[in-house]
Every structure is written in C-alpha cells, then in structure tokens.
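Residue-level structure breakdown
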Amino acid sequence: MTGTINLPRGRATGMRTSGLPISFFDHFISGGVTISDAALADESDPYGHFGTGFGTYIVFADTNTTGFLPRIAAAGDGGHVEMKTDATSGERVGFQLYGCSFAVAAKRRLYFETRLKTANVTADMFVGLAFTATDPHADAPQDYIAFGLTGDADIEIGCGLADSDAGDFSGTDSTVDIVADTFTTLAFEYDGASTVSFYVNGAAAGTIADATVPVGTVLSPIFCIESNGAAETLTVDYCAIEVDAG
Amino acid sequence: MNLQGKIGSFYRSQPFEFFDDFAWTEGGTSFQLTPPLPTLKWFIGLFPGSGTPFFGSTTSTEGGKNGRLHVASGNVSGNNVNVQLNGNCFVFQRGRRMYFESLLRVSTVAASTVQLVVGMFSSNLNHYDNMATTVADGFGFTMSEDGDLEYVIRSGGSGSKTDTGQDITAATDFLIAAYYDGGNNIKFYRDGTLIKTIETLPSDGAHLTPTFNIGTGTTTSVSLIMDYFGAWVDRA
C-alpha cells in the first residue's frame, strides 16, 4: 500500500476512539440453504453460518426431532434465517451470537432492531440482547433487554439485571399484538442513562426505567422460539445493533 | 449513531445489501470445491466435469491487493466455472430498485475463447451454456466467444443479449454495473458511464442472486479476477 491511512482529523488514535459507533448487522444471507429438515445431525454443519463448531452463532435446542435448527431460508426476500420446533410443549430452538460484546454502559447509547415473524401466536418467544442462555423462557438469562411472547399475541417487553434465578421470563405487555405469519419490526434503545425505550413497527411501545435495566453488563443478540403444544416457526429477516464506542 | 429520525424501524427503511470484497474466504471454506457445497456462501458448478479449474484468492503478485478472487477455467473447450451466492434472496419486484456492481478483469479477450457471465440471475447450474434456455430471469453482462461485452436480460425464460459496443482489454480491470430504477428501466454502466437503457424487465417477483461464470471456448484456460461484487435492493 502506498500513502498513509487517513484517520479522522485530530482523532488519529484509532477507530474506536474516534466516536464511531460499534455496529453489527446480519442480513442472514450466507451459509447453508439446502440442509435437510429431517434430523439435527444433518444440520450440525461445521462450515455454515450456523455451524456448531466454527460458526458465528451458538445454536441451541432440546431434543427436537421434527423441527429444524436455525438455517438460512432457501429464498428469503432479503435473506432470512428460520427455525422450527415440533408440536410438543417445551420444545425450543434458538441461537445466540458468540461472545457477549455489546455493553450496556452509562453515557453509551445502544440500539437494537430486528424484523421477524412467527407462524402462530401461540408460542413462547425471547428475542433481544442477553447474557448467554440456552433456555431463556424457562430460565431467564442473568441480564437482558428483550421482547417476549408468552403463549399469546401480546408482545411483552422486559429487562433483567442479575436475574439468573428469576425462572420464567415475565415481561410487561406492550399493548401491541403480534400477527401470525406477518413480519414485525422490533427495536429498543438504551439512552445511555437509565431508560430503555421499546418500539414495534416504528411506534413507541413502552419504556422501562427501573433497577432492572442491566447497566454495567455485556450482552449478545439472542433469538428463541418455544412450543406450547403446536409446531412453531420463527423467521428472522435481520438483526442490527449499534452502540456508542467506549 | 445517526438514526435519521427513524428510530424503531431504521434498518427496515434501508436497502438490503450484499458486498464481498473477497478479502478472505471465511476460514477457507467459502470457495471450497469439496462437499458440503450446499452449506457454503457461494455455490459452485463446474462444467463439463471438473475440468482443471483454479479457484482461490489471488496473491499479491496477481493483483490481489484489497482481496481479489481468482477463478480459472480448465483448458478444454466448454470448461467453465459457475458461481452463485446461495439463497436467491434478491427479489426483483416492481417498485423496488435493484443494483449491482463488480470490478473485474479477464486474462484474455481472444476470439472464440472467453465465456463470461456477471450479474443478477435466477438459479441455474450453468449460466453461460443455459443463458438462452433455462436461465429464467435476470440481468447483467456476458462476453461471448467473439470477445464483445454484451448486456443480457432474461424474463420468464426468454430474453436477449446485445453487444454493448464496448471493448474489453485483456488483463485490465473494468467496472460494470446495472441499475433497475424501480419503474420500467434497467440501466447498464461500464466504468461509470451509462451505455444502455432497456425497458425489458425480469419477471415481477423473480428471486435473483449475484452470479458469475467464466469458461473457455478453446483449449486456452481463461482467468477471471474479481475485485469485488456488491448488490442491493430496496426492501419490500
């Protein structure tokens, strides 16, 4: 390379001290697209986007036998990841980004946005930012900011701080309902102080500003769907996160 | 952080985009020629048979700065390498703009030799050989064995390719792009200059994906060196 790198004027001490936000975005367009539905073994692919060995995401499930683990949809408009449970209550499947890299810290705004749909309005769902978890509904993660479904159409919002023994996820009804098989945009913003504002389809859907806001933690995006007796499918269009640099 | 007043649905308002600068190949597996191909980022077809293709990142002596992908056909007439991004997730739909751009070079422009396809096309295992038959939908560029750079359109299983009148120089980068304006026009560009506007469109709702193919019509192996491929489409 000839010449020099043009660092921002007066800030030539590195990208992350230049004030640029830390960004994460996944359209879910790469990786396996033709993996069999039949058996989990077929989907334990170490090469694809959702590999169990070297993939970007940790995939988790219980003894799911007729659903399928997260996979890239074969023809999703704009790229989709989809996952499915079977029709046994308690069956779940989900994924979480490796590493907890997104800080909820004072004076650093954080923004999360995703677009997703569920096949029905009968599932349990947990979507947002959380400390590592593999069964987020029955055993809520230690720290989290999340949207949830608890067996009906009510979109719930919730935060948790040092909440590892809280048991079932229990949020507050946002008063907005999810519609079966219809994409919904979910977003939340932490203001860098004490308030998390939630949005559904671009409209305000509640705030949380109490001791449960997990300030001082580091979280990771997580998506989980769990059956209450029906076969459930969760389809995610994208996941985006921005957080002010420290 | 600049959410432009669209907080709560900011990314939803942005186009869906893809960019590969071929700076690395995801642990060496993105272009791995051995199974499990279906799990990879790019899906590869080799015709006929395997030929003797080369497939990998270029070295610095081959112009590999900033990441370049080097694909070479075998040296038997008809050998070609066909590559498509897995997923078919770019939907061509009226009212939704679509764009692609690629910077690339080919090793030769010798007559009867180069078989090139670059663009956004529906699924097919061999876009060069099947362009006039089973490639259902898409738009982009081709270089047939006469060495001319052509623009090509496929719509519901029919279409055409037409000489752009543009000459390509062997082993020299050229930039090609095409833009669907969301209405009735697709515009083709070479090195940033508009060279053709057409009003024939791929089928409404056709699923397309970034595609490239390099092959030979003689016993001369042909190399495609691609600096990058980028594409975006408005969200529904």
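Residues numbered from 1 in each chain as written. Chains lettered and ligands numbered in written order. Predicted model: local features only at pLDDT ≥ 70, side-chain atom pairs only at ≥ 80, totals over all residues. Heavy atoms only, no water.

**Considerations on the overall build of chain A**
Of regular secondary structure, chain A possesses 1 helix and 16 strands. Taking the contacts inside chain A whose residues are at least 6 apart along the sequence as the reference set, 66% of them involve residues at least 24 apart. When the accessible surface of chain A is summed, it comes to about 9700 Å², and 52% of that surface belongs to carbon and sulfur atoms. (Helix = DSSP H or I, 4+ residues; strand = E, 2+ residues; numbered from the N terminus. Contact = heavy atoms within 4.5 Å. Areas by Shrake-Rupley, 256 points an atom, 1.4 Å probe, with all protein chains shown as cover.)

**A word on the overall build of chain B**
Summing up its helical and strand segments, chain B has 0 helices and 16 strands in all. When each of the 236 residues of chain B is scored for burial, the buried share is 54%. Taking contacts inside chain B between residues at least 6 apart in sequence as the whole, the part at least 24 apart equals 67%. Element-wise, carbon and sulfur atoms account for 50% of the exposed surface of chain B, whose accessible area totals about 8900 Å². (Buried < 20%, exposed > 50% of the residue type's maximum accessible area, 1.4 Å probe, protein only.)

**Concerning the nonpolar core**
Within the largest apolar cluster, 47 residues are counted, with the highest numbers of intra-cluster contacts made by Phe90(B), Leu116(B), Phe139(B), Ile186(B) and Phe212(B). Sorting elements by how many residues they give to this core places strand S16 (residues 223-233) of chain B first, with 5 residues. In terms of nonpolar packing, the next biggest core, distinct from the first, is built from 45 residues, Leu219(A), Val236(A), Ile241(A) and Val243(A) among them. (Core = buried A, V, L, I, M, F, W, Y, C linked by side-chain atoms within 4.5 Å.)

**Some remarks on unusual backbone geometry**
The backbone phi angle of Thr175(A) is positive, close to 75°, even though this residue is not glycine. Positionally, Thr175(A) belongs in strand S11 (residues 172-177). In this structure Thr175(A) comes out as exposed when scored by relative accessible area, which is 67%. Of note, the phi angle at Ala171(B) is positive, near 60°, even though the residue is not glycine.

**Some points on the environment of Gly192(A)**
Residue and element names in this part refer to chain A. With respect to the element layout, Gly192 can be found in the loop between strand S12 (184-190) and strand S13 (196-200). Note on Gly192: relative accessible area 9%, which makes it buried. Along the sequence, Gly192 and Arg109 sit 83 residues apart, while their C-alpha atoms lie 4.4 Å from each other. Those residues in contact with Gly192, other than ones at most four positions away along the chain, are Ala105, Ala106, Lys107, Arg108 and Arg109.

**What about the confidence of the model for chain A?**
Residues of chain A with pLDDT of at least 70 account for 78%, and the chain-wide mean is 80. Contacts for the low-pLDDT stretch residues 1-18 of chain A, under 50 throughout, to residues beyond four places or in other chains number 8 contacts. (pLDDT = per-residue confidence, 0-100.)

**Looking at the pairing of strand S9 (residues 144-150) of chain A**
Consecutive side chains of a regular strand alternate in pointing toward one face of the sheet and then the other. All names here are of chain A. Burial within S9 is extensive, with 6 of its 7 residues counted as buried. The sheet contact formed by strand S8 (residues 124-130) and S9 spans 7 bridges and is antiparallel. Residue pairing across strands places Phe126 opposite Gly148, the latter belonging to S9. Bridge analysis of S9 against strand S10 (residues 154-160) gives 5 bridges, and the strand direction is antiparallel. (Pairing = 2+ DSSP bridges.)

**Points about the pattern of salt bridges**
Scanning the entire structure with this criterion turns up 9 salt bridges over all chains. Salt-bridge contacts for Asp237(A) lead to Arg115(A); the nearest nitrogen and oxygen are separated by 2.7 Å. In this pair, Asp237(A) sits in strand S16 (residues 233-243) while Arg115(A) sits in strand S7 (residues 110-118), placing the two residues 122 residues apart along the sequence. With a relative accessible area of 1%, Asp237(A) lands in the buried category. A salt bridge links Arg97(B) to Asp234(B); the shortest N-O distance between them is 2.8 Å. Pair noted here: Arg97(B) is in the loop between strand S6 (90-92) and strand S7 (98-106) and Asp234(B) is in the segment after S16, with a separation of 137 residues, a long-range link. (Salt bridge = Lys/Arg side-chain N within 4 Å of Asp/Glu carboxyl O.)

**Notes on the environment of Trp42(B)**
Relative to the assigned elements, Trp42(B) resides in strand S2 (residues 42-47). It is 13 Å that separates the C-alpha atoms of Trp42(B) and Val71(B), two residues lying 29 residues apart in sequence.

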